[in-house]
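Structural features, examined
One-letter residues, chain by chain:
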Amino acid sequence: MNEHPTYDVAVIGYGPTGATAANLLGRMGLNVVVIERDPDVYGRARAISTDEEVMRIWQSVGLADRLQRDMLPDRPLAWVDADGVPFVETTMTSRGCGHPPQQFLYQPAVDHVLREGVARYPNVEVLLQHECLRVANGGSTVELMLADLRTDAFKRVKASYVIAADGGASPTRAQLGVGYEGRTYAERWVVIDTKVIREWDGHDRLRFHCNPARPTVDCPTPLGHHRWEYPARAAEDEKRLITHEAVWEVLHEQGITEEQVKILRAVIYSHHVRVADRWRVGRVFLAGDAAHAMPPWIGQGMSAGVRDVANLCWKLAAVARGQAPDALLDSYQVERKPHVTEVTRRAVRNGRLITERRKSLAFLRNHLLRALTRLPGVLKAGQSMIWIPPAHYPDGCFTSEAHAAAGWQLPQPWVTDPSGKRSRLDDVLGGGWAVLHLGAAPPDADRWERLGARTLAIQAGAPQAGAIRDDDGALTRWLRSKKAAAVVLRPDGFVFAAAGEGRPLPAPPKDFTDLTPPIPATPIGVTA
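Residues numbered from 1 in each chain as written. Predicted model: local features only at pLDDT ≥ 70, side-chain atom pairs only at ≥ 80, totals over all residues. Heavy atoms only, no water.

The protein carries the name Bifunctional 3-(3-hydroxy-phenyl)propionate/3-hydroxycinnamic acid hydroxylase in an unreviewed UniProt entry, which gives Mycobacterium paraffinicum as its organism.

So this is what it looks like as structure tokens:
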């Protein structure tokens with residue numbers, strides 16, 4: 001047995017959720033250990049898309065621009081009938097986060113960039129080929145028993161807190177005795193990953209083939225890849241379904257030939273809808289698939305995990321440093337679980353739309369939606385039913401003084417500082433608590449400044465010292481729509497409190513002693 005090194009946070013699992021957590025915590029200066037069983041990035045592409053809010057999280061650790069290079073933004077989406085004729089066509093509408101609203105991705109490439117980001121931080125240690133055998137909550141630390149799979153040796157480490165991002169089958173969740181309730185769909189799905197040899201018409205758009213005989217998802221992925229997903233029929237042999245012969249039968253039905261793609265792999269999996277009973281057990285927190293699983297119909301499984309750790313990590317950092325009370329950590333599940341539940345509900349709804357097997361209902365669906373979507377405003381309203389819910393938490397770490405802006409994530413427009421430099425808003429704010437205001441500073445803003453929060457005025461003209469120019473007026477319009485002249489932002493960009501014109505801001509949260517922002521992340525540049 002080795003000595004017991006002690007860390008601020010141990011992260012179990014090094015997929016996108018765990019790697020994002022390691023970047024966030026590394027940037028915040030915490031001492032972190034990451035524990036991962038596999039020796040390298042998992043080669044199979046699983047997640048295929050993400051959204052502007054997640055890109056905003058990756059922006060906060062200086063990785064968004066590098067990741068963007070390997071993504072496909074703003075691709076059209078179409079729901080098509082059995083003949084391939086669309087009955088709904090759309091592209092996702094931006095919510096003002098400063099990034100394309102939808103991105104298609106190739107997960108192994110994303111994983112590599114996230115790990116490259118972690119390598120910037122000497123305060124983050126990564127233990128590949130290590131398996132966490134036991135997690136034991138103590139009074140002030142968690143003890144982890146690890147197996148070094150390279151040497152068949154055992155070691156113990158300690159951490160003040162643990163983030164278990166070790167997947168849907170999470171051994172950590174099982175050790176903690178946390179239930180994982182929900183349902184598994186009986187139908188098994190075949191997933192085909194291919195390498196594009198020669199492009200075809202429609203290769204760069206997502207199409208849901210809503211064919212009662214064989215519903216199929218036809219999805220572009222960047223870096224020369226393409227994916228198809230379809231259910232196994234009741235009488236079909238699963239072993240045969242993943243053979244090249246069987247795969248080509250389906251791809252030929254889609255009009256795809258051997259001259260256009262090369263089959264890389266075929267696997268079969270089940271769709272799950274599950275949520276852990278508890279996301280916190282003592283000093284251990286579940287995140288990503290360890291806390292929840294959802295079907296893939298709107299591509300939000302990975303994104304939900306990234307949102308989890310963006311919500312959790314700034315809170316862990318504040319508590320670990322003694323800047324905030326432990327009770328802050330209880331707001332993690334309070335805020336995230338309702339949002340995840342609603343995302344899952346929308347994914348299930350879209351899945352039902354795609355996989356309707358009754359021909360009479362499919363006929364009505366096709367003709368009704370084709371007619372409805374010709375009406376003004378219907379497509380936008382439809383997005384609100386099947387796309388991610390707004391970035392809003394109705395309960396959690398927010399002021400008790402009600403205001404229409406509280407609990408919402410502030411939009412991120414481009415702004416200009418007094419030097420004339422144009423930047424995204426979050427890059428100016430630097431990831432800390434901040435007070436933004438229109439006109440004169442609100443009464444009692446100095447209470448926030450004394451704790452380290454930054455105060456900035458929002459101006460329409462040339463900005464003066466301590467101010468930014470709202471270049472296209474988006475920020476000003478949003479504040480006025482919420483009847484807010486001033487807002488207090490948390491480190492994750494959500495509005496903790498707001499006040500109308502001439503009204504004082506609510507007091508800082510009780511027992512918070514320091515709101516100073518972390519050290520800015522060093523961006524990983526984009527090469528030509």
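**Let's talk about helix α4 (residues 107-118)**
How we decide: The numbering of helices and of strands both runs from the N terminus, where a helix is a DSSP run of H or I of at least 4 residues and a strand a run of E of at least 2. The length a helix should cover is 1.5 Å for every residue beyond the first. Residue exposure (1.4 Å probe, protein chains only): buried if accessible area is under 20% of the type maximum, exposed if over 50%, otherwise partly exposed. Any two residues having at least one pair of non-hydrogen atoms within 4.5 Å are treated as being in contact.
Over its twelve residues, α4 runs 17 Å from end to end, which matches the ideal 16 Å to within 8%, given 1.5 Å per residue. With respect to burial, α4 is a largely interior element, ten of its twelve residues being buried. Taken residue by residue, α4 has Gln107, Pro108, Ala109, Val110, Asp111, Val113, Leu114, Arg115, Gly117 and Val118 as its buried positions. Looking at the buried residues of α4, the elements they touch are α1 (16-27), β2 (32-36), α2 (52-60), α3 (64-68) and β8 (124-128).

**Notes on the state of the cysteines**
This is how it is decided: Two cysteine sulfurs form a disulfide in these notes if their separation is within 2.5 Å.
Throughout the structure, instances matching the rule amount to zero disulfides. Cysteine 313 supplies the cysteine sulfur nearest to cysteine 132, a cysteine that is in no disulfide, at a spacing of 17 Å. Judged by its relative accessible area of 10%, cysteine 132 is buried. Cysteine 313 provides the cysteine sulfur closest to cysteine 397, a residue in no disulfide bond, and the two sulfurs are 15 Å apart. Look at cysteine 397 and you get buried, because its relative accessible area is 10%.

**So, a nonpolar patch on the surface**
To be explicit about the condition: Grouping into patches uses exposed residues only, defined as over 30% relative accessible area, and leaves out salt-bridged ones; the cut-off is 9 Å for like charges and 5 Å for nonpolar side chains (Val, Leu, Ile, Met, Phe, Trp, Tyr). Accessible surface area values rest on a Shrake-Rupley calculation with a 1.4 Å probe, where residue burial reflects the displayed protein chains alone. The salt bridge definition used is simple: a Lys or Arg side-chain nitrogen within 4 Å of an Asp or Glu carboxyl oxygen.
A grouping of Leu361, Phe363 and Leu364 is seen on the molecular surface, where their side chains present a nonpolar patch of about 300 Å² in accessible area. Tracing the sequence through the fold places leucine 361 in helix α10 (residues 359-372). By relative accessible area, leucine 361 is classed as partly exposed at 34%.

**With respect to the environment of histidine 392**
Here histidine 392 is to be found in the loop between α11 (378-386) and β20 (414-416). Histidine 392 sits in the partly exposed class, given a relative accessible area of 26%. Distance in space between the C-alpha atoms of histidine 392 and arginine 374 is 30 Å, their sequence separation being 18 residues. If we ignore the near neighbours within four places in the chain, the residues touching histidine 392 are His339, Ala406, Gly407, Trp408 and Phe494.

**Some words on the layout of surface pockets**
What counts here: Of the two site types, the cavity is a set of points on a 1 Å grid over the protein atoms alone where a 1.4 Å probe fits but cannot get out, and the pocket is an open set with protein on both sides within 12 Å along at least five of seven lines, each lined by residues with an atom within 4 Å of a point. Grid points are joined across faces, edges and corners, and a volume is the space filled by probe spheres set on the points. Throughout this entry, Asp, Glu, Lys and Arg are counted as charged residues, while Ala, Val, Leu, Ile, Met, Phe, Trp, Tyr, Cys and Pro are counted as nonpolar. The remaining residues, Gly among them, count as polar.
Computed from the structure, the second largest pocket encloses a volume of approximately 820 Å³. Forming the boundary of the second largest pocket are 46 residues, of which Arg27, Arg56, Gln59, Ser60 and Asp426 lie nearest the centre. Counted by class, the lining of the second largest pocket contains 24 nonpolar, eleven polar and eleven charged residues.

**Overview of the sheet that holds strand β4 (residues 72-73)**
Strands pair in a sheet through their backbones, by hydrogen bonds, and they do so in one of two ways: parallel or antiparallel. Rules: Pairing between strands is defined by DSSP: at least two bridges between the two strands are required. Under this scheme, a helix contributes an axis fitted over its contacting stretch, all axes are lines through C-alpha atoms, and angles between N-to-C directions fall in the 0 to 180 degree range.
With antiparallel pairing, three strands are arranged side by side in an open sheet as β3-β7-β4. Because the sheet does not close on itself, it has two edges, and the strands there are β3 (49-51) and β4. Where β3 lies against strand β7 (residues 102-104), three bridges are found, and the strand directions are antiparallel. Within β7, the position partnered with threonine 50 by the bridge is glutamine 103. On top of the sheet, α2 reaches β3 and β7; it is set at about 80° to β3, its chief contact.

**As for the sheet that holds strand β23 (residues 454-459)**
Spatial ordering of the open sheet is given by β21-β20-β24-β23-β22-β25-β26, a layout of seven strands whose pairing is mixed. Because the sheet does not close on itself, it has two edges, and the strands there are β21 (422-424) and β26 (495-499). The sheet shows a mean angle of 30° between the axes of neighbouring strands, taken without regard to direction. For β23 and strand β24 (residues 467-470), the ladder comprises three bridges, and the chain directions are parallel. Paired with glutamine 459 across the two strands is arginine 469, which belongs to β24. Across the sheet, helix α14 (residues 474-481) touches β22 (434-438), β23, β24, β25 (486-489) and β26, and the angle it forms with β22 is around 85°.

**Notes on the pairing of β2**
Residues in a regular strand project their side chains so that they alternate between the two faces of the sheet. Note the threshold: With strands facing away from the observer, any crossover in which the path from the first strand over the helix to the second runs clockwise is taken as right-handed.
For β2, a buried count of five out of five residues is recorded, marking the element as mostly surrounded by other parts of the structure. Side chains Val32, Val34 and Glu36 project from β2 onto one buried face, and the interleaved Val33 and Ile35 project onto a second face that is buried too. In this sheet, β2 lies alongside strand β1 (residues 6-12) in parallel orientation, the contact comprising four bridges. Among the inter-strand pairings, valine 11 is bridged to a residue of β2, identified as valine 34. Note on the crossover from β1 through α1 to β2: the handedness is right-handed. Judged from the five bridges that link them, β2 and β8 form a sheet pairing that is parallel. Bridged to valine 34 within β8 is valine 126.

**Side note on the packing of aromatic side chains**
Which entries qualify depends on this criterion: Pairs were defined over the aromatic rings of Phe, Tyr and Trp, the Trp ring being its six-membered one, requiring ring centres within 6.5 Å. Orientation was assigned from the angle between planes: stacked under 30 degrees, edge-to-face over 60, tilted for the rest. Here, a charge over a ring is recorded when the distance from Lys NZ or Arg CZ to the ring centre is within 6 Å and its angle to the ring normal is within 35 degrees.
Under the defined criterion, the tally for this structure stands at twelve aromatic pairs. Residues tryptophan 79 and phenylalanine 208 carry aromatic rings whose centres are separated by 5.1 Å and whose planes lie at 35° to one another, so their mutual orientation is tilted. Taken as a pair, tryptophan 79 in strand β5 (residues 77-80) and phenylalanine 208 in strand β13 (residues 206-209) lie far apart in primary sequence, 129 residues in all. Assessed through its relative accessible area of 4%, phenylalanine 208 is described here as buried. Between tryptophan 433 and phenylalanine 496, the aromatic rings sit 5.6 Å apart at their centres with planes inclined by 70°, giving edge-to-face as the arrangement. In this pair, tryptophan 433 sits in the loop between α12 (425-429) and β22 while phenylalanine 496 sits in strand β26, placing the two residues 63 residues apart along the sequence. Given the relative accessible area of 4%, phenylalanine 496 is considered buried. Aromatic rings pair up to connect Trp314, Trp433, Trp448, Phe496 and Phe512 into one cluster. The ring centre of tyrosine 180 lies 3.6 Å from the NZ or CZ of arginine 173, which sits over that ring. The ring centre of tryptophan 408 lies 4.0 Å from the NZ or CZ of lysine 482, which sits over that ring.

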